[in-house]
Amino acid sequence: MTASFDPAANESTSDREIVITRLLDAPRELAFSAWTDPEKVVKWWGPNGFTTTIERMDVRPGGVWKYVMHGPDGTNYPNKTVYEEIVPPERLVYTHSGGDPVPGERAVQFRSTVTFVQQGGQTKITMQMVFKTPDDRAYVVEKYGAIEGAVQHLARLSEFLQS
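I will try to describe carefully the structure that is included in this document. Worth saying up front: this structure is predicted, and the values here are computed from it rather than measured.

## Brief notes about unusual backbone geometry
Link 1 in the chain: Cis geometry marks the peptide bond from Pro 88 to Pro 89, where omega comes out at -15°.
Link 2 in the chain: Inspection of the secondary structure puts Pro 89 in the loop between strand E4 (76-87) and strand E5 (91-97).

## Some points on the packing of aromatic side chains
Link 1 in the chain: For the structure on display, the rule yields 13 aromatic pairs.
Link 2 in the chain: Relative to Tyr 144, the ring of Tyr 77 has its centre 6.2 Å away and its plane inclined at 85°; by these criteria the two rings are edge-to-face. Placement of the pair is Tyr 77 in strand E4 and Tyr 144 in helix H3 (residues 134-144), with a sequence separation of 67 residues.
Link 3 in the chain: Overall, Tyr 77 belongs to the partly exposed group, its relative accessible area being 26%.
Link 4 in the chain: You can call Tyr 144 partly exposed: its relative accessible area is 41%.
Link 5 in the chain: Plain terms: the ring middles of Tyr 83 and Tyr 94 are 6.0 Å apart, the flat faces sit at 70° to each other, and that makes the pair edge-to-face. With Tyr 83 in strand E4 and Tyr 94 in strand E5, this residue pair connects regions lying 11 residues apart in the sequence. Comparing Tyr 83 with Tyr 94, the two get one shared label, buried.
Link 6 in the chain: Grouping aromatic residues by their ring pairs yields a cluster made of Phe 32, Trp 35, Trp 44, Trp 45, Trp 65, Tyr 67 and Phe 116.
Link 7 in the chain: Against the face of Tyr 139 rests Arg 106, its NZ or CZ located 4.4 Å from the ring centre.

What counts, and where the lines are drawn
- Residues numbered from 1 in each chain as written.
- Predicted model: local features only at pLDDT ≥ 70, side-chain atom pairs only at ≥ 80, totals over all residues.
- Heavy atoms only, no water.
- Helix = DSSP H or I, 4+ residues; strand = E, 2+ residues; numbered from the N terminus.
- Phe/Tyr/Trp six-rings, centres within 6.5 Å; stacked < 30°, edge-to-face > 60°.
- Buried < 20%, exposed > 50% of the residue type's maximum accessible area, 1.4 Å probe, protein only.
- Lys NZ or Arg CZ within 6 Å of the ring centre and 35° of its normal.

Here it is as structure tokens:
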């Protein structure tokens, strides 16, 4: 289960991670389904103003999810996720990259762990992204606004679950 870029699993990751938490007004089974059902995912995935087109979504260990996020300015962002661990409705672990390598572009990969914890009728969702290096983390924060984008991402999920 240890990703190739993080061989020291017991090492602190605080300088190369982003962690976002949100309390959702929905049971965790519904929140987990919204994260893993392609018909639901396309209705909320991404930061504000983004839409998503799914090429394929194979939600199982070793399965691949390829999709394109379409920015509000018309820019397309190819993405590729490889699932490592799936424990419905508690946890998802996957490695994420920008899709197929683009010549001249910096390739950044991270491992994401998403947990869904039932708290009464609500779900506490925590999304942890661990990068290979602190520089990779800084790069996606600066170039893509990764922290604010992740906050908006979970806000959109919350809105979707309310509808």
